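# Structural overview for review
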Amino acid sequence: MLPQQAILSSQNISLSLTIVVLIVTGFAPVLAVFAQSFIEDGHITLANYIEVFSSTNQWRLLRNSILLSLTVALTTAVLGIPLGILMGKTNLPFRKFFLPLFVLPFVLPPFFFGLGWFHILNRQGLLAHFLWDNSFFFGFGGCVLVLTTVFLPIVILLTIAFLRTIPSSLEEAVRLIAGWKVVLLYISLPLIRAGLIFATTLVFLLTLGEVTVPMFLRYDVFAARSLTQFAAFYDFGTATAAAVPLCLVALLVIIIERTSLEGRIDPADTSYAAKDLVIDLKFGRLPSLLLVLLLCCVILAPLLAIVLRAGTLSNYVEALRQTQDSLFRSLFFALTGATLLIVTGFFAGYLILKKRSRLWPWVDSFTIFLFALPGPVIAIGLISMWNHPTVAWVYSSPVVILLGYTAQYIALTSRISAASIARISQSMEEAAQMAGASWMRRIMQITVPLAAPGLIAGWLIAYIFCMKETAITMMVYPPGSDNLTVRILTLMANSPEEQVAASCVLLISITAIPLMLLFAVRKRKLE
């Protein structure tokens, strides 16, 4: 048997390295943003903040951002909670078929749906003859339409996840004396209220940090300020000062999760899942099915418009010729990024779940903070940290892109890994330890194989998010290292619409396949 000190040493080294990775990829760049915002011409000053907040235009942008974020968050809640109940709690026909279709918009770049709705609503669009005025699309109305479509899956999936954590005995007891309407209004929904608030807040923060859709639809928002100051003027001071308020707003998600979800049932815990308690829609099955089908058609209409706009095979051949280098780079970034994320996320999830470090609450909260942080803020932090002669090899290579992916999406793989590890009986690891197995051997031969379905799902999710990422890559990629989403944005400015649409279809295809695999893994796991 190995000495206890040696066993603890391998564990401490692995988990300590995980914390170091989080510091290098996330904490240090965010700290660099704060530091840079107080520097002007080599001196510490508040001039950058004065310049940003003395302008009435900045307050207008902030008002626009908050109004848009609130509207999208409330709209997704109004639509997403009933849809989550229908697909997670009722006998709605084909609900397992509809769920991947509703999720598809969230795994694609948001500006795809702006482009798709443009092909539907413009003067030569599919609905041009049925509209008196399509000017509403370019502005607030179009942003609400597109971002609601993109972020609706968040509320649907979290509603389903939290409903599965409600102890079946509670609902069964009330069902003896009342109908499902009473159960939902007075038992189920109040029990998951904190989770629904968290989902709505997450949509608010993601909308607040979105830049590609407002820029495409010409709606001025605060998040675009940092990107504009950097891209147009290379003004680090003003750009970082404009980014700091977004960092502070992102802290709201940490406060909400730590306060409203503390002591509540974990959405990853399905030990109480009411799998056998299904709401019988009875005569409402057909109307509900038609309503869900109609909403699904509306959500997927932009993708259909892009496919129709792509036209003939020759457009796909030309699009592939123009984007093949970027396509291969996207695959490389996604495959490498997903692997880095699942490895780092596994150890971060283990640290959080087992509480093997006094820093575990900070690690858990900080990963969520990074996920809610706008991509341009992380990008500016990476540039501030790595754009120096001594570390120029990082800044001038694709490594900086992978660092950005790790920072932005580590929360996904750490949470999924923690949920997968939590389902493994602690007695198995304890028995192996008593038999003399080292910590790393227990991890590789017991924990990883038993958690494999969840880890595979986590890898697929990380791959999908790395494939669709735009903002970070757009700001930090070295010359000749753009991915497919950035190349498509470039083509939108100076290429025929048919080739742009064909390029979008290529990205949709290589993203949809992992999504189908993800749902297949999830289905097998539940069985």
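Throughout, a residue's number is its position along its own chain's written sequence, starting from 1. Selection of residues for local features in this predicted model requires a pLDDT of at least 70, selection of side-chain atom pairs for listing and counting requires 80 or more, and totals for whole chains, interfaces and linings are taken over all residues. The basis for the side-chain values is all heavy atoms of the structure; hydrogens and waters are excluded.

## Focus: helix H21 (residues 452-468)
In an α-helix, one turn spans 3.6 residues; hence positions three or four apart end up facing the same way. Test applied: Numbering of helices and strands starts at the N terminus; helices are DSSP runs of H or I of at least 4 residues and strands are runs of E of at least 2. Between the first and last residue of a helix there are one fewer steps than residues, each counted as 1.5 Å, and that sum is the expected span. Per-residue accessibility, obtained with a 1.4 Å probe over protein chains only, is compared with the maximum for each type, and a residue is labelled buried under 20%, exposed over 50%, and partly exposed between these values.
Taking 1.5 Å per residue, 17 residues should reach 24 Å; H21 reaches 24 Å between its end C-alpha atoms and fits that length. Judged by how many residues are buried, H21 sits mostly within the fold: 13 of 17 residues are covered.

## A few points about the pattern of salt bridges
Quick reminder of the rule: The working definition used for a salt bridge is a side-chain nitrogen of Lys or Arg within 4 Å of a carboxyl oxygen of Asp or Glu.
Following the criterion strictly, the structure yields 7 salt bridges and no others. A salt bridge links Asp220 to Arg60; the shortest N-O distance between them is 3.4 Å. On the criterion of sequence distance, the pair formed by Asp220 in the loop between helix H10 (212-216) and helix H11 (223-233) and Arg60 in helix H3 (residues 56-89) is long-range, its members being 160 residues apart. Salt bridges linked by common partners bring Arg309, Glu497 and Glu498 together as one network.

## Side note on the nonpolar core
The cut-off we apply is this: We call a set of buried residues a nonpolar core when its members are Ala, Val, Leu, Ile, Met, Phe, Trp, Tyr or Cys and they connect through side-chain atoms within 4.5 Å of each other. Residue contacts are counted whenever heavy atoms from the two residues lie within 4.5 Å of one another.
Ranked by size, the top nonpolar core spans 156 residues in total, and within it Met87, Phe102, Phe112, Phe151 and Leu373 carry the most contacts. Among all residues touching Leu373, those that are not within four sequence positions of it are Val30, Leu246, Cys247, Ala250, Ile378 and Gln408.

## Topic: unusual backbone geometry
The phi dihedral of Phe94 is positive, around 65°, even though this residue is not glycine. Relative to the elements of secondary structure, Phe94 occurs in the loop between H3 and helix H4 (95-103). The phi angle at Arg218 is positive, at roughly 60°, despite the residue not being glycine. With respect to the secondary-structure elements, Arg218 resides in the loop between H10 and H11.

## Remarks on the side chain of Asn91
To keep it simple, the criterion reads: Two N or O atoms count as a polar contact when they lie within 3.5 Å, although within protein this holds only if one can serve as hydrogen donor and the other as acceptor, and sequence-adjacent residues are included solely when both atoms are side-chain atoms.
Locating Asn91 in the fold gives a position in the loop between H3 and H4. At 3.0 Å, the side chain of Asn91 forms a polar contact with the backbone nitrogen of Leu281. Discounting chain neighbours no more than four positions away, the residues touching Asn91 are Val278, Ile279, Asp280, Leu281 and Arg285.

## Here's the deal with the layout of surface pockets
Rules: The pocket and cavity definitions rest on a 1 Å grid over protein atoms only: a 1.4 Å probe that fits but cannot leave marks a cavity, an open set with protein on both sides within 12 Å along at least five of seven lines marks a pocket, and residues lining either have an atom within 4 Å of a point. Grid points are joined across faces, edges and corners, and a volume is the space filled by probe spheres set on the points.
Taken as a whole, the second largest pocket spans an internal volume of roughly 430 Å³. Around the second largest pocket, the lining is made up of 17 residues, and of these Phe27, Trp362, Val363, Phe366 and Phe369 lie nearest the centre. If you list the elements that add at least two residues to the lining of the second largest pocket, you get helix H1 (4-37), helix H12 (236-260) and helix H15 (360-372). Sort the elements by how many residues they give to the lining of the second largest pocket and H1 lands first, with 7 residues.

## Points about the state of the cysteines
We count it as follows: Here, two cysteine sulfur atoms that lie within 2.5 Å of each other are counted as a disulfide.
Throughout the structure, instances matching the rule amount to 0 disulfides. Here Cys297 is not disulfide-linked; the sulfur of Cys296 is the nearest cysteine sulfur, at 6.0 Å. Residue classification places Cys297 among the partly exposed positions, given a relative accessible area of 45%.

## Here's the deal with empty space enclosed by the protein
This is how it is decided: Put simply, Ala, Val, Leu, Ile, Met, Phe, Trp, Tyr, Cys and Pro go in the nonpolar bin, Asp, Glu, Lys and Arg in the charged bin, and everything else, Gly too, in the polar bin.
Inspection of the entire model under this criterion finds 3 cavities of 30 Å³ or more. A volume near 390 Å³ is recorded for the largest cavity. Taken together, 23 residues line the largest cavity, and the ones lying closest to its centre are Leu206, Glu210, Gly375, Gln408 and Tyr409. Of all the secondary structure elements, the ones that give two or more residues to the lining of the largest cavity are helix H6 (140-163), helix H9 (193-209), H15, helix H16 (375-386), helix H18 (399-422) and H21. Grouping the constituent residues of the lining of the largest cavity by class yields 15 nonpolar, 5 polar and 3 charged. In this structure, the second largest cavity spans a volume of roughly 50 Å³. Along its surface, the second largest cavity is lined by Lys354, Ile421, Ile424, Ser425, Gln426, Glu429 and Thr447.

## Quick word on a nonpolar patch on the surface
This is how it is decided: Candidate patch residues must exceed 30% relative accessible area and have no salt bridge, after which like charges are joined if within 9 Å and Val, Leu, Ile, Met, Phe, Trp or Tyr side chains if within 5 Å. All accessible-area figures derive from a Shrake-Rupley calculation using a 1.4 Å probe, and residue coverage is judged against the displayed protein chains alone.
Taken together, Phe38, Ile39, Ile44, Leu46 and Ile50 make up a surface patch of nonpolar side chains, about 500 Å² in accessible area. Take Leu46: it is sitting in the loop between strand S2 (43-44) and helix H2 (47-53).

## A closer look at the packing of aromatic side chains
Just so we agree on the cut-off: Here a Phe, Tyr or Trp ring, Trp counted by its six-membered ring, pairs with any other such ring whose centre lies within 6.5 Å, and the pair is stacked when the planes are under 30 degrees apart, edge-to-face when over 60, and tilted otherwise. The rule is short: NZ of Lys or CZ of Arg within 6 Å of the ring centre and within 35 degrees of the ring normal puts a charge over the ring.
One pass over the structure, following the stated rule, counts 15 aromatic pairs. Considering the side-chain rings of Tyr409 and Phe465, the 5.3 Å spacing of their centres and the 55° angle between planes classify their relative orientation as tilted. Of this pair, Tyr409 sits in helix H18 while Phe465 sits in helix H21, and the two are 56 residues apart along the sequence. Look at Tyr409 and you get buried, because its relative accessible area is 7%. Members of the aromatic cluster, each reached through a chain of ring pairs, are Phe106, Phe151, Phe371, Tyr409 and Phe465. The lysine or arginine in question, Arg218, covers the ring of Phe138, its NZ or CZ lying 4.6 Å from the ring centre.

## Regarding the environment of Glu469
By the secondary structure assignment, Glu469 is in the loop between H21 and helix H22 (471-476). Judged by its relative accessible area of 4%, Glu469 falls in the buried class. Glu469 sits 64 residues away from Tyr405 along the chain, and the two C-alpha atoms are 8.1 Å apart. The contact partners of Glu469, leaving out residues within four places of it in the chain, are Tyr405, Tyr409, Asn483 and Thr485. For Glu469, the side chain forms a polar contact with the main-chain nitrogen of Ile472, separated by 2.7 Å.

## Things to note about the confidence of the model for the protein chain
Selection criterion: Per residue, pLDDT captures the predictor's confidence, and it can take any value from 0 to 100.
Taken residue by residue, the protein chain gives an average pLDDT of 81. The fraction at 70 or more is 87%. Within the model, the stretch residues 270-274 combines pLDDT values under 50 with 14 contacts to residues more than four positions away or in other chains.

## Notes on the environment of Thr344
Mapped onto the elements of the fold, Thr344 is located in helix H14 (residues 313-354). Using a relative accessible area of 13% as the deciding quantity, one classes Thr344 as buried. Taking the C-alpha atoms as reference, Thr344 lies 9.7 Å from Ser14; in sequence the two are 330 residues apart. Beyond its immediate stretch of four places on either side in the chain, Thr344 contacts Thr18, Val21 and Ile410.

## Regarding the packing of H14 against helix H20 (residues 439-450)
Note the threshold: Lines fitted to C-alpha atoms define the axes here, with helix axes fitted over just the stretch in contact, and angles between the N-to-C directions of these axes take values from 0 to 180 degrees. Here the angle decides the label: under 35 degrees means roughly parallel, over 145 means roughly antiparallel, 65 to 115 means roughly perpendicular, and every other value means oblique.
Packing of H14 against H20 brings their axes to within 14 Å, and their N-to-C directions diverge by 100°. Compared by their axis directions, H14 and H20 come out roughly perpendicular. For the pair H14 and H20, the contacting residues are Phe346, Phe347 and Tyr350 in the first and Trp439, Ile443, Thr447 and Val448 in the second. For the contact of H14 with H20, the residue count by class is 6 nonpolar, 1 polar and no charged.

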